[in-house]
Amino acid sequence: MTELLVGRTAEVRHLRRLADEAGLGHATTATIRGCAGSGKSALLWDLHRYATSRDFLALMTAGVESEREFPFAALQLLLRPVARHAQSLSAGHRRVLEAAFGSLRFPDSPAGPGSVERVGAAALAMLTEAAGGRPLLLLADDLPLTDTASRDVLAFLGEQDVCVVGTARTGQPAPTGGTDLHLGPLDDEAASALLDSRAPDLPASVRELILDLAAGNPLALSELPTTVSGDPGEEIMLTQPLQDAFASRADQMSDACRNLLLILAAEPDAHLDQLLAVADRPGTAGSGTAEALQEAIDAELLSATGSTLEFRHPLMRTAIYSRATLTDRLAVHRSLAMAFAGAPCAEKELFHRAKGSLGADPELAARLEQFAGTALTQDRPGTAVAALRHAAKLVPDGQHRTAVLIRAAGLAAEVGAPAQTHALLTEADLDLAGPAERARLLLVPRDAIPGHSQPYPQVEDVVRAAGAARDAGVRDVAGTLLLQAAARCGVEEPGLSVRAALLAEIERWDPPADDPTALSVRAFAEPYRYGVDLLKHLDDTVPGDGRTAHYLGASALGLGEFSRSVPFLARAAAVWRRQGRLFLLARSLNSAGPRMWLGELARAGAEAGEGRALADETGERTVWLSLTATAALLAAITGRNSARSLIAEVRADNTVLYTHFAAMRARQAEGLLLLLEGHASEAYEVLRHVFLPGDPHFHSVSRWHVVPDLADAAVAAGMIEPARAVLAGLPAAARDLPSELLLSTFAYSRAVLADDAEAEQLYAESLAALPPGSVLLRARLHLHHGRWLRRHRRYLDARELLGLACDEFERIGAIPWAQAAREQLHATGSPNDRRPNAVKQLSAQETQIAVLASQGLSNRDIGRRLLISHRTVGSHLYRIYTRLDITGRAQLPAALSALEPRSAVIGARRAAGEGRPRPGDDLVVHREGSASGPDDENVTHISVAA
């Protein structure tokens with residue numbers, strides 16, 4: 001079955017059944033009806049192949065517009081393959097056919113009454129001779145375009161027990177008799193399957209856009225992948241077959257009807273009264289507007305719902321607009337601009353004036369630039385891009401035009417439109433770019449800039465560009481650039497000179513002490529020196545915009561302050577989602593990492609999956625690497641089989657060579673897999689490299705993420721002393737940077753790597769010292785402590801801790817550790833009656849759907865986000881409700897929070913002063929062989945810097 005027949009199984013079987021019945025002598029006629037591109041011709045050809053394979057005489061003809069005035073033209077085309085059998089006909093039948101096809105001219109030419117029957121009888125005799133006893137099948141594509149005489153003959157043949165099948169568009173007459181087979185649009189599943197077979201490697205956003213535009217039309221699903229980039233605001237260009245399919249019927253309408261259709265194509269949101277008012281304006285073909293509207297509705301080009309008109313298929317609008325002449329399009333846009341003048345929605349008038357203009361218009365360009373600024377304040381960056389794009393075409397000055405295009409390109413990049421970004425920059429003369437424009441270009445993905453191949457500029461170059469932008473007066477661009485340069489210190493490992501340059505530049509700006517930009521830049525540049533300043537101000541800082549929220553969250557994440565980074569990143573993600581800034585949304589979804597630490601594994605998986613897809617589509621390679629490495633670690637923690645393939649994806653990307661955070665995370669996932677599989681010595685060796693300065697996996701702060709895994713591997717491999725040496729710098733680091741990451745890993749490692757003589761006391765102290773948000777680490781410490789107790793034959797005490805660990809691992813979905821805890825429990829003599837809580841376990845996709853539904857997204861919105869049908873979403877939700885023991889959508893947030901702790905709860909506990917040291921508090925560090933009490937002389941008190 002050809003790819004165009006995907007989703008047409010029932011129709012194929014119906015037509016083949018007709019052929020089978022014809023083979024048994026029970027012939028019938030049928031007409032396949034459907035809109036343009038619905039697959040009518042493909043079904044006809046499939047039937048032809050099927051009948052031929054079963055020894056039918058199967059002949060095909062097709063209607064041709066240019067020949068519909070010539071009688072019997074389609075019949076002649078049908079009979080051409082068997083023309084040689086005319087010699088076997090009687091002289092009368094042969095003369096009738098020769099006359100019908102114009103070979104002879106004589107008085108009794110079959111053009112008068114009874115001619116159809118005579119030609120039909122002659123054609124039947126010829127077909128019977130050619131068939132030689134085989135069954136007959138006659139196929140006619142585009143019946144309405146065939147000449148009337150041929151259609152009549154086909155109807156006559158159908159009455160003589162010949163199987164005749166034709167095609168016609170919905171609503172077109174095709175009087176061949178018999179039954180009608182109506183083709184609707186493909187369902188969501190079939191449409192997705194067809195598109196994937198035609199273009200399997202489409203980015204998710206492009207795939208979603210094509211599925212929406214095609215609306216289940218097979219031809220559109222096959223043709224659109226060659227023309228659609230998926231950029232927001234993209235003007236869709238149709239291939240010639242699509243134009244012909246969707247606009248050819250409009251060509252047959254009256255002038256007034258075609259004008260009405262063009263007006264609606266130029267302004268699809270027009271209400272009926274607006275449409276009629278524009279159509280009746282002088283200079284348009286508006287005479288008989290009501291009749292023209294009825295003509296379009298009768299031809300099934302338009303549908304009317306109340307006062308709203310819509311094209312029957314989304315692509316009909318594009319096809320009609322594309323086929324219109326430039327003169328007609330300009331006239332329609334000018335009329336629409338006049339109609340919208342003074343309307344509350346000023347953009348309608350502005351955009352139609354721009355589309356109706358030829359040549360420079362500085363006044364209109366200035367109005368469009370001003371409107372772009374207004375649109376940005378209204379959280380509509382996509383509209384701002386469109387306004388700037390139109391403005392650039394109207395600006396006479398080359399340098400100004402380049403500035404407008406670069407500004408538009410920067411916004412297009414933020415909304416996830418790489419093709420549009422590249423197109424805008426291709427139109428610009430980049431040699432005319434000034435300091436502000438060159439600074440804006442550094443915020444655009446490198447591969448979107450014509451002639452640029454370097455993946456990333458050096459951090460020093462970004463710092464210098466930020467300074468130049470500030471000096472040029474574009475402070476917002478300068479601040480964003482400096483923050484971006486500083487954030488690279490969190491994923492790369494730049495030298496001291498780079499960090500000094502960042503600090504020098506922010507000092508030159510002389511910011512207030514509590515300025516969020518300054519706090520973030522300093523914390524990124526020198527985390528052990530300035531990180532504590534950020535930690536002190538986080539609770540008192542209320543970001544006024546998404547960008548500030550993102551960089552506060554990102555800098556807190558870089559320091560390892562997980563529970564307080566999540567709310568900032570979540571707030572930024574909500575802003576970017578609302579504004580459609582997918583490029584920036586991908587960055588803020590790095591909240592997957594801290595959620596993993598907080599034990600929110602399901603939510604972390606959902607965010608990592610979405611972030612990876614967005615980063616891949618928008619060209620954010622560093623973000624894609626970080627989230628892919630995070631997804632690999634999550635897969636290892638949750639026991640999914642995808643961990644190694646995700647690690648391989650990270651390793652295969654050359655960018656990982658200077659993205660130390662992603663390299664570290666992939667190494668951590670690799671080591672954890674080895675550890676969970678029982679290869680402790682190999683795991684230790686793999687993880688040890690993360691702590692070696694100069695190693696590509698080393699990062700001065702991020703290395704501490706690996707401490708718990710290294711400590712576990714060291715105990716299992718008998719490498720406790722070497723591990724203590726590797727982690728010797730951790731106490732001092734925790735003193736200088738008392739973040740959740742360092743405090744948690746310090747507490748964990750001092751207990752796990754302790755000698756037996758002091759282990760009991762250190763386990764208790766470490767559990768008490770763990771910050772409240774360290775959910776996963778707390779469960780791991782319970783497991784480790786329980787193992788230690790079991791080894792010392794304290795089975796009852798061990799059971800309690802192992803039971804706590806098992807319950808927590810099951811609750812958050814850490815399957816391998818839950819299994820390890822169950823095995824340890826069994827070894828204590830406890831009945832092995834613990835099982836994973838199947839009711840509470842959701843698959844990765846079910847978790848994504850549950851999370852999105854809890855955020856208020858509709859089934860259709862969720863389907864578009866996850867590239868599945870809304871019906872599939874509904875089926876998943878039904879199962880989710882059953883498994884979570886709830887009855888509806890409104891209960892999802894509470895059910896999900898019961899599955900995993902919420903950072904808001906953690907934040908509330910933190911605000912009350914629970915659970916972690918503050919500047920001025922003491923960290924208790926026990927030396928080897930020390931006593932267990934805080935008053936012992938061998939106890940060292942490390943004061944946290946104020």
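Residues numbered from 1 in each chain as written. Predicted model: local features only at pLDDT ≥ 70, side-chain atom pairs only at ≥ 80, totals over all residues. Heavy atoms only, no water.

Right, let's talk about the overall build of the protein for a bit. What the protein contains, in helices and strands, is 48 helices and nine strands. Looking at the 946 residues of the protein, the share that counts as buried comes to 55%. Nonlocal contacts in the protein, meaning residues at least 24 apart in sequence, comprise 66% of its contacts between residues at least 6 apart. As presented, the protein carries roughly 39000 Å² of accessible surface, and 52% of it is formed by carbon and sulfur atoms. (Helix = DSSP H or I, 4+ residues; strand = E, 2+ residues; numbered from the N terminus. Buried < 20%, exposed > 50% of the residue type's maximum accessible area, 1.4 Å probe, protein only. Contact = heavy atoms within 4.5 Å. Areas by Shrake-Rupley, 256 points an atom, 1.4 Å probe, with all protein chains shown as cover.)

Counted according to the given criterion, the structure contains four cavities of 30 Å³ or more. Computed from the structure, the largest cavity encloses a volume of approximately 180 Å³. Lining the largest cavity we find 16 residues, and of these Trp 597, Ile 637, Gln 668, Leu 776 and Arg 780 sit closest to its centre. Where the lining of the largest cavity is concerned, the elements lending two or more residues are α30 (592-597), α32 (621-638), α34 (660-676), α36 (707-717) and α41 (775-791). When grouped by side-chain class, the residues that make up the lining of the largest cavity number ten nonpolar, three polar and three charged. Computed from the structure, the second largest cavity encloses a volume of approximately 50 Å³. What lines the second largest cavity is Arg 547, His 550, Tyr 551, Trp 576, Leu 584 and Arg 587. Every element with two or more residues in the lining of the second largest cavity is listed here: α27 (546-559) and α29 (582-588). It is α27 that contributes the most residues to the lining of the second largest cavity, three residues altogether. (1 Å grid on protein atoms, 1.4 Å probe; cavity = no way out; pocket = protein on both sides within 12 Å on 5 of 7 lines; lining within 4 Å. Points joined across faces, edges and corners; volume = space filled by probe spheres on them. Nonpolar A, V, L, I, M, F, W, Y, C, P; charged D, E, K, R; others polar.)

To continue, consider the pattern of salt bridges. Counted by the stated rule, this structure contains 41 salt bridges. Ionic pairing is found between Glu 505 and Arg 508, a salt bridge with its closest N-O pair at 2.8 Å. Within this pair, Glu 505 and its partner Arg 508 are both found in helix α24 (residues 496-508), separated by three residues, close to a single helical turn. Owing to a relative accessible area of 11%, Glu 505 belongs among the buried residues under this scheme. For Arg 508, a relative accessible area of 44% translates into the label partly exposed. (Salt bridge = Lys/Arg side-chain N within 4 Å of Asp/Glu carboxyl O.)

Under the criterion given, the structure shown has five aromatic pairs. Relative to Trp 597, the ring of Phe 562 has its centre 4.9 Å away and its plane inclined at 35°; by these criteria the two rings are tilted. Taken as a pair, Phe 562 in helix α28 (residues 562-579) and Trp 597 in helix α30 lie far apart in primary sequence, 35 residues in all. Neither residue differs from the other here; Phe 562 and Trp 597 are each classed as buried. Judged by centre distance (6.1 Å) and plane angle (55°), the rings of Phe 691 and Trp 704 are tilted. With Phe 691 in the loop between α35 (680-688) and α36 and Trp 704 in the loop between α35 and α36, this pair connects stretches of sequence that are 13 residues apart. Phe 691 gets classed as buried once you look at its relative accessible area, which sits at 7%. Since its relative accessible area comes to 1%, Trp 704 is described here as buried. Just above the ring of Tyr 321 sits the side chain of Arg 329; from NZ or CZ to the centre is 5.3 Å. (Phe/Tyr/Trp six-rings, centres within 6.5 Å; stacked < 30°, edge-to-face > 60°. Lys NZ or Arg CZ within 6 Å of the ring centre and 35° of its normal.)

Now for the sheet that holds strand β1 (residues 29-34). One key point about sheets: their strands pair by backbone hydrogen bonds, in either a parallel or an antiparallel sense. If you trace the five strands from one edge of the open sheet to the other, you get β2-β3-β4-β1-β5, paired in parallel fashion. In this open sheet, the two edge strands, each paired with only one partner strand, are β2 (57-62) and β5 (179-183). The average angle at which neighbouring strand axes cross in this sheet is 20°, direction not considered. As paired elements, β1 and strand β4 (residues 163-169) share six bridges and run parallel to each other. Following the sheet pairing, Ile 32 is matched in β4 by Thr 167. (Pairing = 2+ DSSP bridges. Axes fitted to C-alpha atoms, helices over the stretch in contact; angles between N-to-C directions.)

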